[in-house]
Every structure is written in structure tokens, then in C-alpha cells.
Amino acid sequence: MSLPRYVRLVEVGPRDGLQNEKQPIRVTDKVRLVNDLSAAGLAYIEVGSFVSPKWVPQMAGSTEVFAGIERHPGVTYAALTPNLKGLQAAIDAGVKEVAVFAAASESFSQRNINCSIADSLLRFQPVLEMAQQRGIRVRGYVSCVLGCPYDGAVSPHQVAAVCRELHAMGCHEISLGDTIGVGTAGGVRQLIEVVGRDVPRERLAGHYHDTYGQALANIYASLLEGIAVFDSSVAGLGGCPYARGATGNVASEDVLYLLQGLGIETGVDLARLIDAGSHISKVLGRESASRVARARAALR
Ligand SMILES: CC(C)(COP(=O)([O-])OP(=O)([O-])OC[C@H]1O[C@@H](n2cnc3c(N)ncnc32)[C@H](O)[C@@H]1OP(=O)([O-])[O-])[C@@H](O)C(=O)NCCC(=O)NCCSC(=O)C[C@@](C)(O)CC(=O)[O-]
């Protein structure tokens, strides 16, 4: 299969990246990050999530973040909403695209959203219905598509079953989450081959954490399988609060460098993206996890 000419990058740094931070991060710093990312040309930014503050305290200020950001035409500013309460808060904050999040493994589902996979799908049904009535698009996530921190191996058929349900419910896109970054290129190709029988490949996205250093290889493998949407996190921010030892998503700068090398368009400016990552890394008091950002910094 030939490579796509254009790839859409879904920037998840402000949400997936920051949700795991223990230190308080000011709303103004989160707002600055989102604005820097849209200035860099990212057309899809996951700004925050409307979840229980007892479960993920760092996302508690999402309403304030949405109120503070500049909203540019053509840019999607999205949020996670696990239930109707979350959706209502997102609507009140003027959010136009939300995401529901399921898992392919039972234990992760219980730890992350306190219910079974089947119950989570039942809970998402009214979220999808209300969102559709309000003209809000819904993305679906499936976690642990290549392995679970509690249950171990996860079969592609388990993943396909959850993806099929989310797609049938009306999710316009399903993001395949390698939550603990254990996947390899071979496993990714097999996964897409199986899931692609139930959900068209143009409706799938890759969401790869870099815990085992495989994320870029997994993206390349996905490109070869016809996937053209990837989630990534500026400066490689992140980790998952319900997956011990998980690192951040693959760094957006590194993905962009890969795609530029393949001649694939994204609309994102690498220098401005590196600046955005450098600023938030300073705020957090640590070095960027992006290899490209570090290499460029060493040249200065
Ligand atoms: C789903 C629940 C709420 C169930 O949690 P629960 O305790 O079963 O829910 P509940 O309905 O019994 O409510 C308990 C309390 O939470 C409140 N509550 C209930 N809902 C909300 C809401 N939306 N916003 C704010 N508050 C809420 C509710 O009002 C109540 O408050 P109380 O009466 O005790 O004061 C909880 O488990 C939760 O919030 N989980 C979120 C976990 C999370 O955000 N994880 C990270 C995102 S997933 C991820 O990162 C993976 C991904 C997507 O990136 C892909 C990958 O890499 O795998």
C-alpha cells in the first residue's frame, strides 16, 4: 500500500500529557500550551477532560482552560467525556468535539473508569445520542490494544469487538491506544488487519506510547497499513495514571520529523512545535522527551 500524502496529527499533550503530572500546573500555563500548539499549525488539540476530579485531579481546571484559550477557525479543541455529566460540562464549556474512552481489557476498564467494558459501552450510548442531538462529534478511544498492565496479552479480536461497537454507536474515529507501549510493528500490522475488517481504516487512528521505544516504528507500520491519523504529545509529555511505568505518548516533534522525511504533509511547523515543547518542559522543570527537540537544542 502506498503512503498517505497527508497525515492528521491529534495533539494530546495538554490532556494525555499533563493528566498524570503530580505538580500543580497553572491554568495560564495550560492555556499558553494550547495556544502555542495551534500557532504551530496543529489542527486538532485535545485540551482537557471532564472526568471526576477525584480520579484525575490535574484535569479539574478544564473548564477554565477552555475559557482561556484562543479558538482559531479550522482547529478542533476536544475533550474527554466519560459520561453524561462530563458531556454536559463540555457543552457548557463550548466544546464541539468530545471523546469517549473504552478499553480492550476488563481489568483496565475497571481501574480506569470503574466499570466493565460492556457497562462502559452502555454508558456511552446516551453520551453519543446527546452529542449527536447537539451537533457534537464523538471520537472513541480503545486502550490496551496491544497489551494490558493487569491482564497481559490482548487479542486483536477483543480489540476489534470494542472498536466495532464504538463505530456502530456513531464514533467518527476510533483511536487505537497502546497504553503501555508494548506493541511492535508486527503486532500493529496484525491488529490493523483484524480491526480493519470491522472498521474502515480511514476511521482508525494510532495512539502509541513510547515506553519500549517502539512508537515511531509502530507509526511507520501503521502508515503502511493505510492509517493516516496519529495521536502524539508535544515533548513526549505524559504517562497513564492507571498504568504504572507507562511513559508519554510518542513525541509530536519526533513524529513530525519522521513524516517530513517521508514527504508527508501535516501543516505543522517543526520549529514552532519545538518551541512549544521547550516552553512547557521548562514549566515542568525537566528536559523534553523528544529526541528531535533535544538534538536541535544541542545545535544552538
Ligand atoms: C468514569 C468515572 C466518573 C466513574 O467513576 P465512579 O466513581 O464510578 O462514578 P460515579 O458516577 O459513581 O460518581 C462518583 C463521583 O464522581 C463524580 N463524577 C462522575 N462523573 C463525573 C464527571 N464526568 N466529571 C466530574 N465529576 C464526575 C460524581 O458526581 C460523584 O461525585 P461525589 O458525589 O462523590 O462528589 C471515573 O472513573 C473517572 O472519572 N474516570 C476517569 C479516568 C481517566 O480520566 N483516565 C485517563 C483518561 S483515559 C487514558 O488516558 C487513555 C487514553 C484515552 O489516553 C488512551 C490510551 O493511551 O490508552
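Counting starts from 1 at the beginning of each chain's written sequence and moves along it residue by residue. Whole-chain, interface and lining totals are the exception, using all residues; otherwise, since this is a predicted model, local features are given only for residues with pLDDT of at least 70 and side-chain atom pairs are given and counted only at 80 or more. Excluded from the side-chain calculation are hydrogens and water; included are all heavy atoms of the structure.

Under an unreviewed UniProt entry, the protein chain has the name hydroxymethylglutaryl-CoA lyase and belongs to Phytopseudomonas flavescens. UniProt positions are given in the numbering used here, feature names are shortened, and annotations may be inferred rather than shown by experiment. For the protein chain, the Sequence similarities (unreviewed entry) comment in UniProt is given as "Belongs to the HMG-CoA lyase family." Taken from UniProt, the Pathway (unreviewed entry) comment for the protein chain reads in full: "Metabolic intermediate metabolism; (S)-3-hydroxy-3-methylglutaryl-CoA degradation; acetoacetate from (S)-3-hydroxy-3-methylglutaryl-CoA: step 1/1."

A. Here's a closer look at the overall build of the protein chain. Runs of E in the DSSP output that reach at least two residues are strands. Runs of H or I that reach at least four are helices, and both are numbered from the N terminus. The number of helices and strands found in the protein chain is 12 helices and eight strands. For the radius of gyration, the atoms used are the C-alpha atoms, and the globule rule reads 2.2 Å times the number of residues raised to 0.38. The C-alpha radius of gyration of the protein chain comes to 17 Å, within 12% of the 19 Å expected for a compact globule of 300 residues. Dimensions of the protein chain, computed from C-alpha atoms along their principal axes, come out at roughly 50 × 45 × 35 Å. Under the scheme applied here, a residue whose accessible area is under 20% of the maximum for its type counts as buried, over 50% as exposed, and between as partly exposed, the area being computed with a 1.4 Å probe on protein chains only. Burial analysis of the protein chain (300 residues in total) assigns 56% to the buried set.

B. Molecular detail of the layout of surface pockets. Note on definitions: the grid is 1 Å and covers protein atoms alone; a cavity is a set of points where a 1.4 Å probe fits but cannot get out; a pocket is an open set with protein on both sides within 12 Å along at least five of seven lines; lining residues have an atom within 4 Å of a point. Grid points are joined across faces, edges and corners, and a volume is the space filled by probe spheres set on the points. Its volume calculated, the largest pocket comes out at about 680 Å³. Lining the largest pocket are 36 residues, and of these V51, S52, V56, P82 and F101 sit closest to its centre. For the lining of the largest pocket, the elements supplying multiple residues, two or more each, are α1 (13-17), α3 (62-68), α4 (84-92), α5 (106-113) and β5 (137-143). Gly falls in the polar group here, along with every residue not listed as nonpolar (Ala, Val, Leu, Ile, Met, Phe, Trp, Tyr, Cys, Pro) or charged (Asp, Glu, Lys, Arg). Residues belonging to the lining of the largest pocket are distributed by class as follows: 18 nonpolar, 14 polar and four charged. Of the voids in this model, the second largest pocket is the one considered here, and its volume is about 240 Å³. Along the walls of the second largest pocket sit 16 residues, with D210, A251, D254, A289 and R291 positioned nearest its centre. When contributions to the lining of the second largest pocket are tallied by element, the ones reaching two or more residues are α9 (215-224), α10 (252-261) and α12 (291-299). Considering each element in turn, the lining of the second largest pocket owes the most residues, three residues, to α10.

C. How the structure looks around the pairing of strand β2 (residues 44-49). Across the six residues that make up β2, a large majority, six, are buried. As paired elements, β2 and strand β3 (residues 76-80) share five bridges and run parallel to each other. Bridging from a neighbouring strand, Y44 pairs with T76 of β3. Handedness of the crossover joining β2 and β3 through α3 is recorded here as right-handed. Any two strands with at least two DSSP-identified bridges between them are counted as paired. The handedness of a crossover follows from its direction of travel: if, with the strands pointing away from the viewer, the path from the first strand over the helix to the second runs clockwise, the crossover is right-handed.

D. The packing of aromatic side chains, seen in detail. Here is the rule: rings of Phe, Tyr and Trp (six-membered ring for Trp) pair when centre to centre is within 6.5 Å. Planes less than 30 degrees apart are stacked, more than 60 are edge-to-face, and the remainder are tilted. Within this structure, the stated rule accounts for two aromatic pairs. Ring geometry for F50 versus F66: centroids 5.9 Å apart, planes at 25°, classification stacked. Remark: F66 occurs in helix α3 and F50 occurs in the loop between β2 and α3; sequence separation between them is 16 residues. Assigned by exposure class, F50 and F66 land together as buried. A cation over an aromatic ring shows up here: R139 above the ring of Y44, its NZ or CZ 5.7 Å from the ring centre. Note on geometry: a ring has a charge over it if NZ (lysine) or CZ (arginine) is within 6 Å of the ring centre and within 35 degrees of the ring normal.

E. Representation of the site of the ligand in the model. For the ligand, the set of nearby residues contains 25 residues, the closest of which are K54, N112, N114, S143 and T179. Whenever a nitrogen or oxygen atom comes within 3.5 Å of another N or O atom, the pair is scored as a polar contact, on the condition that within protein one atom can donate a hydrogen and the other can accept it, and that pairs from neighbouring residues in sequence are kept only if both atoms are in side chains. The backbone of V51 places a nitrogen or oxygen atom 3.2 Å from a nitrogen atom of the ligand. Between the ligand and the protein, one listed contact pairs an oxygen atom with a backbone N or O atom of S52 at 2.9 Å. All accessibility values rest on the Shrake-Rupley procedure with a 1.4 Å probe; residue burial counts only the protein chains present in the view. Contact with the protein chains hides 75% of the accessible area of the ligand, taken as 1,100 Å² for the molecule alone. A molecule is said to be in a cavity or pocket once over half of its atoms fall within 2 Å of that pocket's grid points. Most atoms of the ligand, that is more than half of them, are within 2 Å of grid points of the largest pocket. Elements represented by at least two residues in the shell around the ligand include exactly α1, α4, α5 and β5. Here a residue counts as near a molecule or strand whenever at least one of its heavy atoms sits within 4 Å of it.

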